Amino acid sequence: MTTTDARAPVAHLIIASIAGRVGLERLARFAQPGEWCIVIGNERDVSVLRDNGCAARVQPVASGFFRYYQRWVVCRQLRGMRVFAWDAAARALVPGAHAITATEVLERAPIERAEWTLSERDAKRRQLGVREGELLIGLLCNAPRMVDVFSAASMTSFLRTDGLPVRLLVHPTMLRLAQSALQFARMGAGPMLLVNEVIERPWEFAPLLDAAILDADGALIAPSALPAIWALAHDTPTLVHRSIALPPEWDHKAIRFGDDQMCAIRALRIAVEKRESGVAIERAK
């Protein structure tokens, strides 16, 4: 069984398919030498930790086991350790584990803001496929396979109908992606969706956005707040569904929205126009 003894070895338990790259990247910067990272995933997930400078010892656990056997394997490895669970599913595997919070993560591993010039930002946006004059909205995610595109695509479609040249950056494995692309193309929304895996790496794309959305509508699991915090740290106007918990120090910076889509669309329009005005002022300096 696990322990609360402060002198015991520390282990971090993370389920890669739920935490996604954003969770693995933060864990890599959070874990200390002498600690353990128990990763339920595959070698690709282990590589994400190592590529991001993880100083802890990494132990992978195959994710294909039956749940009861997986729990037995994990609990056996963690016996006598002080365990930090990085999501609710990880905590369910190890009763008594401490549920790590976004506040705790950011206290030890704060977000490092990328400082780019306007020309650098423009060049990176062109490489991504954003044309001159277009505005880019990012559909944030930690586990892209758990995120439904349709609601955010619908909001973006309304803005395009109103004449705003907005596009939505999505991940290729998100739910209902093909259906959304087909439906909104038939409605005359044009090339609205921009599909690129970079959306799961906010440390790379956050400065490129004009606005961001972290939605819970249709999601298979509750999203982590970390992608939104990355966007907010780069002063990107960010809509966050009211069901998603944000640390108090970040909550007041986000634009909260609920199930009233028209209110959310109005908020998104204000956010995009605010960002567009800010960039225009910066270009005029």
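It should be noted that the structure appears before, not after, this text.
Please explain the overall build of the protein as it appears in this structure.
On a plain count of helices and strands, the protein comes out with twelve helices and eleven strands. Taking 2.2 N^0.38 as the reference for a compact globule, 285 residues should give roughly 19 Å; the C-alpha atoms of the protein span a radius of gyration of 20 Å, in line with that estimate. Along the three orthogonal principal directions, the C-alpha set of the protein runs to about 60 × 40 × 30 Å. For the protein, with 285 residues in total, the buried portion stands at 52%. Taking the intrachain contacts of the protein between residues at least 6 apart in sequence as the baseline, contacts between residues at least 24 apart amount to 69%. For the protein, the exposed area adds up to about 13,500 Å²; of that, 53% sits on carbon and sulfur atoms.

Would you mind going over the sheet that holds strand β8 (residues 193-195) with me for this structure?
Read across the sheet, six strands follow the order β8-β7-β6-β9-β10-β11 without closing on themselves; strand pairing throughout is parallel. One side of each edge strand has no neighbouring strand; the edge strands of this open sheet are β8 and β11 (255-257). Here the strands of the sheet are splayed against their neighbours by 25 degrees on average, with no regard to which way each runs. Judged from the three bridges that link them, strand β9 (residues 211-214) and strand β10 (residues 238-241) form a sheet pairing that is parallel. Across the sheet, the residue bridging to L214 is V240, located in β10. Against the sheet, helix α10 (residues 226-233) makes contact with β9 and β10, and its axis sits at roughly 155 degrees relative to β10, the strand it touches most.

What is the right way to read the nonpolar core from this model?
Membership of the largest hydrophobic core comes to 59 residues, with the highest contact counts inside it found for I137, L139 and L268. At seven residues, the largest contribution of residues to this core is made by α10. Every residue in contact with I137, bar those within four places of it in the chain, is listed here: T156, L159, V166, R167, L168, L169, L209, A211, A212, I213, L268 and V272. If you look at the next biggest cluster of nonpolar residues, it comprises 22 residues, including A31, V46, L49 and I100.

What am I meant to see in the state of the cysteines here?
By definition, a disulfide is the covalent link that joins the sulfur atoms of two cysteine residues. For the structure shown, the criterion picks out zero disulfides. The cysteine C75 is free of any disulfide, with C37 supplying the nearest cysteine sulfur at 17 Å. For C75, a relative accessible area of 25% corresponds to the partly exposed category.

Even after reading the chapter, I still don't get the packing of helix α7 (residues 150-161) against helix α8 (residues 177-186), so can you show me in this structure?
Two measures define how a pair of helices packs: the angle their axes make with one another and the distance between the axes. Direction vectors running N to C along α7 and α8 enclose 20 degrees, while the axes themselves pass 10 Å from each other. Relative to α8, the element α7 is oriented roughly parallel. Here α7 runs over α8; the crossing is right-handed. For the pair formed by α7 and α8, the contact residues are F150, A153, S154 and S157 on the first element and S180, Q183 and F184 on the second. Here the residues of the contact of α7 with α8 sort into three nonpolar, four polar and no charged.

Explain the sheet that holds strand β2 (residues 36-41) to me, please; I cannot follow it from the model alone.
Strand pairing in a sheet relies on backbone hydrogen bonds, with the paired strands running either antiparallel or parallel. Within the open sheet, the five strands sit side by side as β3-β2-β1-β4-β5. Their pairing is parallel. The sheet is open, and its two edges are formed by β3 (57-62) and β5 (98-99), each paired on a single side. With two bridges joining them, strand β4 (residues 82-85) and β5 adopt parallel strand pairing. Note on β5: the bridge partner recorded for A85 is A99. Helix α1 (residues 16-30) rests against β1 (10-15) and β2 of the sheet, and its axis sits at about 150 degrees to β1.

Just checking my understanding: could you explain α1 for this structure?
Side chains three or four residues apart in an α-helix point the same way, a direct result of the helix having 3.6 residues per turn. Compared with an ideal rise of 1.5 Å per residue, which puts 15 residues at 21 Å, α1 spans 16 Å between its outermost C-alpha atoms and falls more than 12% short. Of all the bends found along α1, the most pronounced is centred on V22 and spans about 65 degrees. Counting buried residues along α1, twelve of its 15 residues qualify, which places the element largely inside the surrounding structure. Those residues of α1 lying buried are A16, I18, A19, G20, V22, G23, L24, E25, R26, L27, A28 and F30.

Rules and cut-offs
- Each chain has its residues counted from 1, following the order in which its sequence is written.
- Only residues with pLDDT of at least 70 are given local features in this predicted model, and only at 80 or more are side-chain atom pairs given and counted; all residues enter the totals for whole chains, interfaces and linings.
- Water and hydrogen atoms were dropped before computing side-chain values, which therefore reflect all heavy atoms in the structure.
- Secondary structure elements follow DSSP: runs of H or I of four or more residues count as helices, runs of E of two or more count as strands, with numbering from the N terminus.
- Only C-alpha atoms enter the radius of gyration; for comparison, a globular chain is expected to reach 2.2 Å times N to the power 0.38, where N is the number of residues.
- Any residue under 20% of the maximum accessible area for its type is buried, any over 50% is exposed, and the rest in between are partly exposed; the area is computed with a 1.4 Å probe on protein chains only.
- We call two residues contacting when some pair of their heavy atoms lies within 4.5 Å.
- Here the open area of atoms and residues is found with the Shrake-Rupley method and a 1.4 Å probe, where only the protein chains shown may cover a residue.
- By this definition, two strands are paired if DSSP reports at least two bridges between them.
- Each axis is a line fitted through C-alpha atoms, taken for helices only over the stretch in contact, and angles between the N-to-C directions span 0 to 180 degrees.
- We define the nonpolar core as a collection of buried residues of types Ala, Val, Leu, Ile, Met, Phe, Trp, Tyr and Cys that are connected through side-chain atoms lying within 4.5 Å of one another.
- Any pair of cysteine sulfurs within 2.5 Å is marked as a disulfide.
- Orientation labels follow simple angle bins: below 35 degrees gives roughly parallel, above 145 gives roughly antiparallel, 65 to 115 gives roughly perpendicular, and whatever is left gives oblique.
- With the far helix as reference, a near helix turned anticlockwise by less than a right angle produces a left-handed crossing, and one turned clockwise produces a right-handed crossing.
- Residue type decides the class: Asp, Glu, Lys and Arg count as charged, Ala, Val, Leu, Ile, Met, Phe, Trp, Tyr, Cys and Pro as nonpolar, and the leftover types, Gly among them, as polar.
- How far a helix is expected to stretch is found by multiplying one less than its residue total by 1.5 Å.
- Note that bend, as reported per residue, equals the angle between axes fitted to the 7 residues terminating at that residue and the 7 residues originating from it.

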